[in-house]
Amino acid sequence: MAYPEKLEKIIALFESLPDSGKREALISYADSAPRQGPREGETFDLEDVRKDEECTDTVGVFLKVSPERHCQFRVTLGPQVQTLTKAMTSILSKGLDGLSPEGVMDVPADFVPRIVGADLVRQRSQTVYYILTRMKGIAKVWLNRERAGKAAAN
Amino acid sequence: MNDKNYAHPEALVSTEWVAEHLADPGVRLVESNEDILLYDTGHIQGAVHIDWRSDLQDQTVRDYITPAQFADLCSRHGISNDTTVVFYGDKSNWWACYALWAFRLFGHTKVKVMDGGRDKWVAENRHLTRAVPHFVHAKYTAPERRFDPEIRAFFEQTLAHSRDGKALIDVRSPGEFRGEVTHMPEYPQEGVLRGGHVPGAASVPWKMAVNEDSTFKSADELRRIYETEAGLKPGEDVVAYCRIGERSSHTWFVLTYLLGYKNVRNYDGSWTEWGNRVGAPIEKGG
């Protein structure tokens, strides 16, 4: 399955980089993770802030879906979250921006090794998949609520 | 570190000591982390990065690099046989202790740990840099052998240790020890089929040895934990294990350097080997 256009561009960028460049780009994305949080005055359709066993610290995922059904994600990360997870937060916030909730649900996870590179994908780095799981989770809740709302209206 | 009554206080240095020795040509700082990219986000000036897996382990067989490869690794980082290597890292120095233990496998004895690790350095608002240091290659004479028999335990040795009723310390979380879970909280399952512990092992989670700020507890406190409560006797032959050998390296460091036990071995195959091994005896509960 094809990746969303914005995510595909990010993947293509990483694939064009040597390993050292990949690391630098990941650090740069990790540095921008704090800027992926909610802005002053923003409101959301759904907010999901929790500490799961799979991740080393609290992660908050905030979703706003426009009338045109375009998703916008905001993510907050606790200080103990690992660098790769921070990087993936920025990458996914940008890469999935504007997708429909169904489009978010359809994003395959197999792009992660293409971005991170085989050298950095380890058993203990599996939390890089965690942010995508959380984004899909909140999109699914939104879809369920939409479905329930439509059923109630009929 | 004399004030804490450690057996080998010289093996532990403070953040202040490190700050005062940044330009010491006889000292090399080594950062070893679980977070693969943490060093790249900033590290202590002059520190080199040694990764537990890509640098210290063989990339095919589950084992460590050869003495020649170790000598090459040290040479590249400007470490000679006489260099004092000071380790620090994330996770309360898990991987720093693991790297130190690996250096000892190759006979490098001039080793120290920065008490409190990276977290303490950061908490004290000390300087971090992203500048990666490049050192002139040092001359490092490769050891003739690895010192596995002295500080490393293999499966068969651990099994014999268990059958003989000798001291075994399981440093994993209580839930892992009891066999309720096969991974520690917040971590993925690392491929273990059975839960529980090695028969006869005492449960002393690694974290018992550290304070809230990741510094090690005093020798008196450590003796109470390992001897009064867990039943170790001074000078006893001890095998420590966890899941892949990093948390037990931390405990190996505590017993060897802080309490002065002379016969402590780290079973680095740990639970990912024991819990998968056909026919390995397992105890649950406790």
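Here is what the cut-offs are and how they apply
Residues numbered from 1 in each chain as written. Chains lettered and ligands numbered in written order. Predicted model: local features only at pLDDT ≥ 70, side-chain atom pairs only at ≥ 80, totals over all residues. Heavy atoms only, no water. Helix = DSSP H or I, 4+ residues; strand = E, 2+ residues; numbered from the N terminus. Expected span 1.5 Å × (residues − 1). Buried < 20%, exposed > 50% of the residue type's maximum accessible area, 1.4 Å probe, protein only. Contact = heavy atoms within 4.5 Å. Phe/Tyr/Trp six-rings, centres within 6.5 Å; stacked < 30°, edge-to-face > 60°. Lys NZ or Arg CZ within 6 Å of the ring centre and 35° of its normal. Pairing = 2+ DSSP bridges. pLDDT = per-residue confidence, 0-100. Salt bridge = Lys/Arg side-chain N within 4 Å of Asp/Glu carboxyl O.

## With respect to helix H4 (residues 94-105) of chain B
Residues and elements named next belong to chain B.
Next, step 1: If you check H4, its first and last C-alpha atoms are 17 Å apart, about what twelve residues at 1.5 Å a residue would give, namely 16 Å.
Next, step 2: Of all twelve residues making up H4, eleven are buried, and the element is well covered by its neighbours.
Next, step 3: All of the buried residues along H4 are Trp 94, Trp 95, Ala 96, Cys 97, Tyr 98, Ala 99, Leu 100, Trp 101, Ala 102, Phe 103 and Leu 105.
Next, step 4: Against the buried residues of H4 lie helix H3 (67-76), strand E4 (84-88), strand E5 (111-114), helix H6 (148-151), helix H10 (246-258) and strand E9 (264-267).
Next, step 5: Directly after H4, the chain includes Gly 107, whose backbone phi takes a positive value near 85°.

## Things to note about the packing of aromatic side chains
All names here are of chain B.
Next, step 1: Overall, the coordinates contain 21 aromatic pairs over all chains when judged by the stated rule.
Next, step 2: With 5.2 Å between their ring centres and 85° between their planes, Trp 94 and Trp 206 make a pair best called edge-to-face. Within this pair, whereas Trp 94 is found in helix H4, its partner Trp 206 is found in the loop between strand E7 (202-203) and helix H9 (219-229), the two being separated by 112 residues in sequence. By the burial criterion, Trp 94 is buried, and Trp 206 matches it.
Next, step 3: Taking 6.3 Å as the distance between ring centres and 25° as the angle between the ring planes, the aromatic pair formed by Tyr 241 and Trp 271 counts as stacked. Separated by 30 residues along the polypeptide, Tyr 241 in strand E8 (residues 238-241) and Trp 271 in helix H11 (residues 270-274) bring together distant segments of the chain.
Next, step 4: Looking at Trp 271, the relative accessible area reads 1%, which means it is buried.
Next, step 5: One aromatic cluster is present, formed by Trp 52, Tyr 64, Trp 95, Tyr 98 and Trp 101 through successive ring pairs.
Next, step 6: We note Arg 145 situated over the ring of Phe 147; from NZ or CZ to the ring centre the distance is 4.2 Å.

## A few points about unusual backbone geometry
Residues and elements named next belong to chain B.
Next, step 1: Despite not being glycine, Lys 91 shows a phi value in the positive range, around 55°.
Next, step 2: Its location among the elements puts Lys 91 in the loop between E4 and H4.
Next, step 3: The partly exposed category is assigned to Lys 91, whose relative accessible area is 21%.
Next, step 4: Unlike most non-glycine residues, Ser 92 shows phi in positive territory, near 55°.

## Quick word on the pairing of strand E2 (residues 27-31) of chain B
Residue and element names in this part refer to chain B.
Next, step 1: Counting buried positions along E2 gives five out of five residues, so the element sits mostly inside the fold.
Next, step 2: Taking every second residue as pointing to the same face, both faces of E2 are buried, with Val 27, Leu 29 and Glu 31 on one and Arg 28 and Val 30 on the other.
Next, step 3: Pairing geometry for E2 and E4, over five bridges, is parallel. Pairing of Arg 28 across the sheet is with Val 85, part of E4.
Next, step 4: Pairing of E2 with strand E3 (residues 48-49) involves two bridges; the strand directions are parallel. Each residue of the ladder has a partner; that of Val 30, found in E3, is Val 48.

## Considering the sheet that holds E9(B)
Residue and element names in this part refer to chain B.
Next, step 1: Ordered in space as E7-E6-E8-E9, the four strands form an open sheet in which the pairing is parallel. At either margin of the open sheet sits one strand with a lone partner, and together these are E7 and E9.
Next, step 2: As defined by bridge partners, strand E6 (residues 167-170) adjoins E7 across two bridges and the pair is classed as parallel. Counted as the bridge partner of Ile 169 is Ala 202 from E7.

## Considering the confidence of the model for chain B
Next, step 1: Averaged over every residue, the pLDDT of chain B is 95; the share at 70 or more is 97%.
Next, step 2: Both confidence scores are given for the complex: pTM 0.89, ipTM 0.80.

## Comments concerning the pattern of salt bridges
All names here are of chain A.
Next, step 1: Within this structure, the stated rule accounts for 32 salt bridges over all chains.
Next, step 2: The partner of Arg 69 in a salt bridge is Glu 102, with the nearest N and O atoms 2.8 Å apart. Note that Arg 69 is positioned in the loop between strand E2 (59-65) and strand E3 (71-77) and Glu 102 in helix H4 (residues 101-106), a separation of 33 residues in sequence.
Next, step 3: You can call Glu 102 partly exposed: its relative accessible area is 33%.

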